[in-house]
Amino acid sequence: MSEPRLAGKRVIVTGAGQGLGREFALHLARLGALVVAADIRADRLKGTFDRARVQAFDLHAATIDFSDPGHNRAIGATPRAALGG
């Protein structure tokens, strides 16, 4: 079996709590990417994380509000901690 197309790639998907953002995050994880799924709504993000876990995808969830300057600064810390760089 060949290595997944995006193995070793690190991706942040915003708006990953529902709709296209959720589908993009899950698809990228399916292709082997290390994904941080970010959304302002923790309840919706939990649904994305639960779907990834059921499918055994490597996905990390981060509740982030991009209108908050503190969250904007923190967005870089979450992927570094979760994905190792």
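Not measured: the values here are computed from a predicted model.

Another aspect to go through is the pairing of strand β1 (residues 10-14). Sheet analysis places β1 next to strand β2 (residues 34-39), joined by 5 bridges and oriented parallel. Residue pairing for β2: R10 is matched across the bridge by L34. Taken together, β1, helix α1 (residues 19-30) and β2 constitute a β-α-β crossover, and its handedness is right-handed.

Enumeration over the complete set of coordinates arrives at 4 salt bridges. One salt bridge connects R41 with D43, and the closest N-O pair in it is separated by 2.7 Å. Taking relative accessible area as the criterion, R41 reaches 35% and is therefore assigned partly exposed. Take D43: its relative accessible area is 49%, and that puts it in the partly exposed class. Of the charged contacts, one joins K46 and D50 as a salt bridge, the two residues approaching to 2.6 Å between their closest N and O atoms.

For A56, which is not a glycine, the phi torsion comes out positive at approximately 60°. Position of A56 among the secondary structure elements: in the loop between α2 (42-54) and β3 (59-63). For A56, a relative accessible area of 69% gives the class exposed.

Before going further, it helps to examine the environment of L59. Locating L59 in the fold gives a position in strand β3. Measuring from C-alpha to C-alpha, the distance between L59 and R30 comes to 9.7 Å, with 29 residues separating the pair along the chain. Not counting residues within four places of it along the chain, the set of residues in contact with L59 comprises A25, L26, V35, A37, T48, F49 and A52.

It is worth spelling out the sheet that holds β2 at this point. The strand order across the open sheet formed by 3 strands is β1-β2-β3, and the pairing between neighbours is parallel. Of all the strands in the sheet, the pair left with one neighbour each is β1 and β3. Recorded for the sheet is a direction-independent mean angle of 20° between the axes of neighbouring strands. Sitting on the sheet, α1 touches β1, β2 and β3, and the angle it makes with β1 is about 165°. On the sheet, α2 packs against β2 and β3 and is oriented at approximately 175° with respect to β3.

Rules used throughout
- Residues numbered from 1 in each chain as written.
- Predicted model: local features only at pLDDT ≥ 70, side-chain atom pairs only at ≥ 80, totals over all residues.
- Heavy atoms only, no water.
- Pairing = 2+ DSSP bridges.
- Helix = DSSP H or I, 4+ residues; strand = E, 2+ residues; numbered from the N terminus.
- Right-handed = clockwise from strand over helix to strand, strands pointing away.
- Salt bridge = Lys/Arg side-chain N within 4 Å of Asp/Glu carboxyl O.
- Buried < 20%, exposed > 50% of the residue type's maximum accessible area, 1.4 Å probe, protein only.
- Contact = heavy atoms within 4.5 Å.
- Axes fitted to C-alpha atoms, helices over the stretch in contact; angles between N-to-C directions.

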